[in-house]
Amino acid sequence: MTNPDIYYDPYDYELDAHPHPAWKRMRDEAPLYRNDRYNFYALSRFQDVLTASTDFETFSSRHGTVLEMMSEEEFPHSMMIVRDPPEHTRLRKLVSHAFSPRRIAALEKDIRAIAAGYLDECVGRSRFDYVTDFGAKLPMMVIGTMLGVPREDREQVRCWADQIMHREPGETDNRERTKDVQQGLWGYFARYVAERRTNPRDDMMTDLIEAELVEDGSTRRLTDIELLSFIGLLSVAGNETVARLIGWAGATLARNPGERTKLVANPSLIPNAIEELLRYEAPSPVQGRWVTRDVELHGRTVPAKSRILLLTGSAGRDEREFPDPDRFDVERTIDRHLTFGYGVHFCLGASLARMEGRIALEETFRRLPEWDVDWDAAAMVHTSTVRGWEKLPLLT
């Protein structure tokens, strides 16, 4: 844990671009890592991350899940992701109705049409950006469809979400810089919720507004703050992670053309390829937790009131769980991975993300069986929790 030659910093652009060598050394030499500069511990092995993910009583989300936002005070927010049971359980049960298999299955036709529309605009061009022209646009259009956000407003919502997540070089906390952007996003959704309460429709937002929450023996509905919290989570986290998944698909398949050829020849492999992509390059590789009691890990004591990072991105490359983990293999047998989390905080939108990724690849291969990347013009997005491509110019 104290080896000075090992350094991990989620704010370091250069390290964020190529974290896997550092994560491997952490798994092998410092499975419980300590960063004094930013005052956090980190777990990098698969089993450790799995165990911590399922022990919400010791590794709590109540103090936030993003390193720079975590403090001794519980997070002053109704967002489900920063609540633990029993509050989390009640909220999750209610909002899960909006992610019912019926609602998700009904989206496939719309998702395919949206994906096809963006890709058709790129067909015939010798060069287009797989992220800015496609991958970053698709998830927000899907979320907008689910929520009933007017089509003409969806691009603005996406831009707001991107700005909230972005971090400038050397910046560890962007809340003051993005204050006006956050007010714009929250103000827009507050007006949207008020309108939908007056004019219900057949969409997820109406489902959420009309859903009833059983609490302390009585029944109530979600407050505006709770509704806005969930919409904000879906719009920011749901948009960013799926955009990065699609970007990683474009980049990883360009670097592994043999695996891409397999998918073109046998599209039935695509669902498994999405699982392999999620394992291989996690779009959200860092999850923060608050340690509620002294806990022994790898022969050391992590004291109560510590911040600890669960490195799901590292866990996906742990050879203790995955043979030959640095090899990308679309036919790999994957019994489980931790990219969507585990336990009570397992990603509520996992099935939707998988569907979006699958359809994105199916529609891409229908139009583009192979491509190269202009790596000199490619650029990564930089946040402390999301990792992936902001620009990925394809040469076709």
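For clarity, every value in this text was computed on a predicted model and none was experimentally measured.

Asker: Help me understand the overall build of the chain in this model?
Answerer: Scanning the chain from terminus to terminus reveals 16 helices and 14 strands. In terms of overall size, the chain behaves like a compact globule, its C-alpha atoms giving a radius of gyration of 21 Å where 396 residues would be expected to give roughly 21 Å. Its C-alpha atoms give the chain principal-axis dimensions of about 55 × 55 × 40 Å. A burial count over the chain gives 57% of its 396 residues as buried.

Asker: What's the story with the pairing of strand β2 (residues 40–43) in this structure? I'm lost.
Answerer: Taken residue by residue, a regular strand's side chains alternate between the two faces of the sheet. Of the two faces of β2, the one lined by Phe-40 and Ala-42 and the one lined by Tyr-41 and Leu-43 are each fully buried. The antiparallel pairing of strand β1 (residues 32–35) with β2 creates a hairpin that spans four residues between the two strands, and Asn-39 there sits at a positive phi of about 60°. Bridge analysis of β2 against strand β10 (residues 307–310) gives three bridges, and the strand direction is parallel. Paired with Ala-42 across the strands is Leu-309, a residue of β10.

Asker: Sorry, what's going on with the packing of aromatic side chains here?
Answerer: For any pair of aromatic rings, the description consists of the separation of the ring centres together with the inter-plane angle of the planes. One pass over the structure, following the stated rule, counts 15 aromatic pairs. Measuring from centroid to centroid gives 5.4 Å for Tyr-188 and Phe-189, while their planes differ by 70°, and the two rings are edge-to-face. For Tyr-188, a relative accessible area of 12% translates into the label buried. Among the aromatic residues, those joined into a cluster by ring pairs are Phe-128, Tyr-130, Phe-134, Phe-365 and Trp-371. Above the face of the Trp-375 ring, Arg-255 is positioned so that its terminal group lies 4.1 Å from the ring centre.

Asker: So what exactly am I meant to see when it comes to the sheet that holds strand β7 (residues 287–291) here?
Answerer: Two pairing modes exist for strands in a sheet, parallel and antiparallel, and in both the strands are linked by backbone hydrogen bonds. Read from one edge of the open sheet, five strands run β1-β2-β10-β7-β3, paired in mixed fashion. Each end of this open sheet is capped by a strand with a single partner; those strands are β1 and β3 (59–60). Pairing of β7 with β10, which is carried by four bridges, proceeds in the antiparallel orientation. Bridging across to β10, Trp-290 finds its partner in Arg-307.

Asker: I tried to follow the pattern of salt bridges on my own but got confused; where do I start?
Answerer: Close approach of charged atoms allows side chains of opposite charge to pair. By the definition in use, this model includes 38 salt bridges. Two residues, Arg-196 and Glu-195, come together in a salt bridge whose shortest N-O distance is 2.7 Å. Judged by its relative accessible area of 1%, Arg-196 is buried. The partly exposed category is assigned to Glu-195, whose relative accessible area is 29%. Residues Asp-324 and Arg-327 are paired through a salt bridge, measuring 2.8 Å at the closest nitrogen-oxygen approach. Assessed through its relative accessible area of 44%, Asp-324 is described here as partly exposed.

Asker: Can you help me understand the packing of helix α12 (residues 224–255) against helix α14 (residues 270–280) in this one?
Answerer: A packed helix pair is summarised by two numbers, namely the angle formed by the two axes and the spacing between the axes. Running from amino to carboxyl end, α12 crosses α14 at an angle of 95°, the nearest separation of the two axes being 10 Å. On the basis of their axis angle, the class for α12 and α14 is roughly perpendicular. Contacts from Leu-245, Trp-248, Ala-249 and Thr-252 of α12 reach α14 at Ile-274, Leu-277, Leu-278 and Tyr-280. Broken down by class, the residue content of the contact of α12 with α14 amounts to seven nonpolar, one polar and no charged.

Asker: What am I meant to see in the pairing of strand β5 (residues 212–215) here?
Answerer: In terms of strand pairing, β5 meets strand β6 (residues 218–221) through four bridges, oriented antiparallel. Within the sheet, the bridge partner assigned to Glu-215 lies in β6 and is Ser-218.

Asker: For this particular structure, what's the right way to read the side chain of Glu-226?
Answerer: One can find Glu-226 in helix α12. Accessibility expressed as a relative area gives 12% for Glu-226, which makes it buried. Separated by 2.9 Å, the side chain of Glu-226 and the backbone nitrogen of Thr-223 make a polar contact. Glu-226 has contacts with Ser-78, Leu-91, Arg-220 and Arg-221, leaving out every residue within four places of it along the chain.

Asker: Just checking my understanding: could you explain helix α3 (residues 46–54) for this structure?
Answerer: In an α-helix, one turn spans 3.6 residues; hence positions three or four apart end up facing the same way. Of the residues making up α3, those classed as buried are Phe-46, Asp-48, Val-49, Leu-50, Ala-52 and Ser-53. Its buried side turned inward, α3 meets β2, β3, β10 and α15 (312–315).

Asker: Would you mind showing me how to read empty space enclosed by the protein here?
Answerer: For the structure shown, the criterion picks out two cavities of 30 Å³ or more. Lining the largest cavity are 14 residues, with Tyr-8, Pro-10, Asp-16, Trp-23 and Val-286 positioned closest to its centre. When the residues that make up the lining of the largest cavity are grouped by side-chain class, the tally is eight nonpolar, three polar and three charged. There is about 70 Å³ of room inside the second largest cavity. Looking at which element gives the most residues to the lining of the second largest cavity, the answer is α12, with three residues. For the lining of the second largest cavity, a count of residues per class yields six nonpolar, two polar and one charged.

Asker: What's the story with unusual backbone geometry in this structure? I'm lost.
Answerer: The phi angle of most residues is negative, glycine excepted, and most peptide bonds adopt the trans form. Residues Pro-85 and Pro-86 are joined by a peptide bond in cis, for which omega reads 5°. Here Pro-86 lies in the loop between β3 and α4 (87–95). In the Ramachandran plot, Asp-324 falls in the positive-phi region, its phi being about 50° despite a non-glycine side chain. With respect to the element layout, Asp-324 can be found in the loop between α15 and α16 (350–367).

Calculation rules
Residues numbered from 1 in each chain as written. Predicted model: local features only at pLDDT ≥ 70, side-chain atom pairs only at ≥ 80, totals over all residues. Heavy atoms only, no water. Helix = DSSP H or I, 4+ residues; strand = E, 2+ residues; numbered from the N terminus. Rg over C-alpha atoms; globule rule 2.2 N^0.38 Å. Buried < 20%, exposed > 50% of the residue type's maximum accessible area, 1.4 Å probe, protein only. Pairing = 2+ DSSP bridges. Phe/Tyr/Trp six-rings, centres within 6.5 Å; stacked < 30°, edge-to-face > 60°. Lys NZ or Arg CZ within 6 Å of the ring centre and 35° of its normal. Salt bridge = Lys/Arg side-chain N within 4 Å of Asp/Glu carboxyl O. Axes fitted to C-alpha atoms, helices over the stretch in contact; angles between N-to-C directions. Parallel < 35°, antiparallel > 145°, perpendicular 65-115°, else oblique. Contact = heavy atoms within 4.5 Å. Nonpolar A, V, L, I, M, F, W, Y, C, P; charged D, E, K, R; others polar. Polar contact = N/O pair within 3.5 Å; in protein donor to acceptor, adjacent residues only side chain to side chain. 1 Å grid on protein atoms, 1.4 Å probe; cavity = no way out; pocket = protein on both sides within 12 Å on 5 of 7 lines; lining within 4 Å. Points joined across faces, edges and corners; volume = space filled by probe spheres on them.

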